[in-house]
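Residue-level listing of the chains:
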Amino acid sequence: MKSYHQDDRNLIPLALAAIRAWEKRWQPFEAHVASAVEPERLQRAWDEYVRLLGLNAPFFHPRYAGQMLKPPHPAAMLGYLAAMLINPNNHAADGGAATGEMEREVVREIAGMFRFPDDALGHLTSGGTLANTEALWVSRELRPSAAVAYSDQSHYTHERMCGVLGIQGIKIASNAHGEMDLDALETALQGGNIGTVVVTAGTTGVGAVDPIDRVLELRDRYGFRVHVDAAYGGFFTLLAWGDSTLLPVARFRAIAQCDSVVVDPHKHGLQPYGCGCVIFRDPAVAAFYKHDSPYTYFTSDTEHLGEISLECSRPGAAAGALWLTLRCLPLAAGNGLGPMLEACLRAARNWSGLLAANPGLNEFVSPTLDIVTYFPGKPRSVGAIDEASTRLFDLAMRSSDPVYLSLLRVGAQQLRERYPALASDAPQCRILRSVLMKPEHEHAVEGIHQRLLELLNTPD
Ligand SMILES: *Cc1c(COP(=O)(O)O)cnc(C)c1O
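Residues numbered from 1 in each chain as written. Predicted model: local features only at pLDDT ≥ 70, side-chain atom pairs only at ≥ 80, totals over all residues. Heavy atoms only, no water.

(A) Region of interest: helix H1 (residues 8-23). Between its terminal C-alpha atoms H1 stretches 23 Å, which fits the 22 Å expected from 16 residues at 1.5 Å a residue. Within the sequence span of H1, burial applies to Leu 11, Ala 15 and Ile 19. Angularly, the buried residues of H1 cover 55° about the axis, an arc narrow enough to put them on a single face. Turned more than 90 degrees away from the buried face of H1 sit Arg 9 and Asn 10, all of them exposed. (Helix = DSSP H or I, 4+ residues; strand = E, 2+ residues; numbered from the N terminus. Expected span 1.5 Å × (residues − 1). Buried < 20%, exposed > 50% of the residue type's maximum accessible area, 1.4 Å probe, protein only. Arc of directions from axis to C-beta.)

Spelled out as structure tokens, the structure:
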């Protein structure tokens, strides 16, 4: 098996050579002295920079099983670096001639993955937050006085951005698996003026997938828009149209019938940060984006990406990196991205099996995607779970053979659904959470699990 960062050393010169050769098509000129930096000064700054970057946890390593963090794929690095040296801006065709087309192409591919119609409208964004904000904003423009409902497990951005947009937000309770509770949703629908329901395909906490297919049945009765926040889980849709038994396929397939969807290529799409995506089923929502720019929209009569996006400047390099990556690893179940995502799903299933078989660590909710949640020790009280989890979290990170995990705050009530005998001495507590978003995790979870058990038996 090749390592995750297989080709970097050959790829960087490739990008540099290509762009420097392209620059040679124009007259040579002398760089202005104003931008010169003394070599010693650069060296000192660089040394300090490298030292500071060393403070990061090793996101690239399989023993990093914490937050949603990993380096981009080498193809993404190559694509990003080459375009970054030119620095196109995908706001308008003037600024992003090639990368603007690439953006349209990858957005069409992503829309195809969700089985949205061919004329669906979409673009890349700086991330999931902006992408979701645009979807909420369009919801508000369509139904100005209506509320937006989202589950209490949805990303915090929905509540916050409803505030920013002046939309009434309604929080819907979730069940023991972290999925939106349909009875609670229906009660809210009967009670009020809900214009949009946000469903999540892969919650950030535990990776739960809301029952999107059932929410669509409610839509038939109550009439509301459905926006899917698939920032984390969206790419798993690839696997849902095959015969995968690893996924709740009906929920993912139902995304095809929803009004808008957000996915983050900078999460499971192998991209560096700065790459989200929003797609609308109805291209007519482009009308809401209408504005005039006296500076930019001149070189092309076709629509500029800036005319269908709330952001102005956006990195063409982000689109270029995603385009090159998808050329190498297409959005397909059997090759490209599919096998990687399947390996992540198997990693979580494998670890879940180990948790069930060993009393030292207890599972919180069974993984739907590739996020495992657990806590050490006998489930006695909420306070004891918090103490044991934070102790193991610190110990694992600081040990000589470290494992990096993350913490998740959960409610006592949700814990008691699975462990009814638990003493509720606190309303909530922290447990451990591992996002297994690298395919290498498939073969690493057994070692991680063993190492954590070892650490648990280490005296203070
Ligand atoms: C990560 C995430 C977001 C926020 O996206 P950013 O890219 O971090 O801005 C929103 N929703 C969900 C479900 C997420 O996982």
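(B) Quick peek at the site of the ligand. Around the ligand, 13 residues are found, and the nearest of them are Gly 128, Thr 129, Asp 229, Asp 264 and Lys 267. In the environment of the ligand, a nitrogen atom lies 2.6 Å from a nitrogen or oxygen atom belonging to the side chain of Asp 229. Side-chain polar atom of Asp 264 to an oxygen atom of the ligand: 2.7 Å apart, as the coordinates give it. Burial of the ligand by the protein amounts to 87% of the accessible area it has alone, namely 380 Å². The dominant element in the shell around the ligand, judged by the number of residues it contributes, is helix H5 (residues 128-142), at 3 residues. Looking at the shell around the ligand residue by residue, the classes come out as 2 nonpolar, 8 polar and 3 charged. (Near = heavy atom within 4 Å. Polar contact = N/O pair within 3.5 Å; in protein donor to acceptor, adjacent residues only side chain to side chain. Areas by Shrake-Rupley, 256 points an atom, 1.4 Å probe, with all protein chains shown as cover. Nonpolar A, V, L, I, M, F, W, Y, C, P; charged D, E, K, R; others polar.)

(C) A look at unusual backbone geometry. For Asn 87, which is not glycine, the phi torsion reads 65° and is therefore positive. With respect to the helices and strands, Asn 87 occurs in the loop between helix H3 (74-86) and helix H4 (97-113). The backbone phi angle of Arg 115 is positive, close to 60°, even though this residue is not glycine. Mapped onto the fold, Arg 115 is located in the loop between H4 and strand S1 (121-125). Looking at Arg 115, the relative accessible area reads 46%, which means it is partly exposed.

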